Amino acid sequence: MKLPFPVAAPDDAAREAGTALFRVPAEFVKGVVAMSGLPPADRVEVCFAGRSNVGKSSLINALTARRNLARASNTPGRTQELNFFALSDSHYLVDLPGYGFANAPKDVVAKWQALLRAYLGGRTTLRRAFVLIDARHGAKPVDEEIFTLLDKAAVPFQIVLTKADKIKDSDVDAVLDQVRDAARRHPAAYPELIVTSSEKGRGIDDLRAIIATL
Ligand SMILES: Nc1nc2c(ncn2[C@@H]2O[C@H](COP(=O)(O)OP(=O)(O)OP(=O)(O)O)[C@@H](O)[C@H]2O)c(=O)[nH]1
Ligand SMILES: [Mg+2]
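What comes next concerns the included structure.

Calculation criteria
- Residues numbered from 1 in each chain as written.
- Chains lettered and ligands numbered in written order.
- Predicted model: local features only at pLDDT ≥ 70, side-chain atom pairs only at ≥ 80, totals over all residues.
- Heavy atoms only, no water.
- Phe/Tyr/Trp six-rings, centres within 6.5 Å; stacked < 30°, edge-to-face > 60°.
- Buried < 20%, exposed > 50% of the residue type's maximum accessible area, 1.4 Å probe, protein only.
- Helix = DSSP H or I, 4+ residues; strand = E, 2+ residues; numbered from the N terminus.
- Pairing = 2+ DSSP bridges.
- Contact = heavy atoms within 4.5 Å.
- Axes fitted to C-alpha atoms, helices over the stretch in contact; angles between N-to-C directions.
- Polar contact = N/O pair within 3.5 Å; in protein donor to acceptor, adjacent residues only side chain to side chain.

## Comments concerning the packing of aromatic side chains
Under the definition given, this model contains five aromatic pairs. Residues Phe84 and Tyr92 carry aromatic rings whose centres are separated by 5.5 Å and whose planes lie at 85° to one another, so their mutual orientation is edge-to-face. A single burial state applies to Phe84 and to Tyr92, both of which are buried. With centroids separated by 4.8 Å and ring planes inclined at 10°, the aromatic side chains of Phe147 and Phe157 adopt a geometry described as stacked. Of this pair, Phe147 sits in helix 4 (residues 141-153) while Phe157 sits in strand 6 (residues 157-162), and the two are 10 residues apart along the sequence.

In structure tokens, the structure reads:
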């Protein structure tokens, strides 16, 4: 069976819940460098994973309407810790270090990759992983490795295209098809996609609504 994997279209009630959840300013809680440093697993948690420079930190800033809550940067590999942000006392948003980044010292990369894998595979309250894919590039082999890891850990993941403002809508459609083909092979893939632009605000309300209804 071919699942359709449509673009998510949350209803009005979900959108209202999203607006309400994100009305309260998000707060930085801590940067975590080892599993022993994780905050207590006592609330709904979602994380933002993706290749280095895909726009994870920018997306968290757009969601929380705070320009510099998660630091975004032109320098790939900027986020080197698991950065926890609290939304009221009900949710954590977690900004993850990027993967697939070649230009850092090997031992440093190996250390965060191990932490990333331990976290994705072992965090019981992780309700959903949003895996970000650059709308210009589509899913790459390193993304597939993360999909497989999430399958094995039984963490539902939802694919979010980023930087949609950088290409034409017809090209977004082509990348959506490529991503659908990749996602269909993964049992943990949530069968709805999201198209975003942190720059233009596209998809941000939809993503808020999805997080609020988890
Ligand atoms: N045009 C455009 N640029 C974006 C968008 N989102 C992010 N960027 C740019 O892409 C670059 C990387 O963004 P980040 O948010 O730092 O990416 P990241 O995934 O957190 O990167 P690492 O922490 O290094 O893994 C920055 O220069 C952002 O301004 C978007 O929606 N549109
Ligand atoms: Mg970042």
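Read on for the rest.
## A closer look at the sheet that holds strand 3 (residues 82-87)
Here seven strands make up an open sheet; going across it, the order is 1-3-4-2-5-6-7 and the pairing mixed. This sheet does not close on itself; its edge strands, each paired only once, are strand 1 (27-32) and strand 7 (194-195). Two elements, strand 3 and strand 4 (residues 91-95), share five bridges in a ladder whose sense is antiparallel. Note on strand 4: the bridge partner recorded for Phe84 is Val94. This element, helix 2 (residues 56-64), spans strand 2 (44-50), strand 3, strand 4, strand 5 (126-134) and strand 6 of the sheet and lies at about 140° to strand 2.

## Here's the deal with unusual backbone geometry
Although it is not a glycine, Ser88 sits at a positive phi angle of roughly 50°. With respect to the helices and strands, Ser88 occurs in the loop between strand 3 and strand 4. Residue class for Ser88 comes out partly exposed when judged on its relative accessible area of 34%. Its identity as a non-glycine residue notwithstanding, Lys163 has a phi of 60°, on the positive side. Along the chain, Lys163 turns up in the loop between strand 6 and helix 5 (169-183).

## Notes on the environment of Ala188
The topology assignment puts Ala188 in the loop between helix 5 and strand 7. Judged by its relative accessible area of 12%, Ala188 is buried. With 11 residues separating them along the chain, Ala188 and Asp177 place their C-alpha atoms 18 Å apart. Not counting the four nearest positions on each side in its chain, Ala188 is found in contact with Leu150, Asp151, Val155, Pro156 and Phe157.

## Observations concerning the environment of Thr64
With respect to the element layout, Thr64 can be found in helix 2. As a C-alpha pair, Thr64 and Tyr99 span 35 residues in sequence and 23 Å in three-dimensional space. When near neighbours in sequence (up to four residues on either side) are disregarded, Thr64 contacts Phe22, Ala26, Leu69 and Leu93. A distance of 2.7 Å separates a polar side-chain atom of Thr64 from the backbone oxygen of Ile60.

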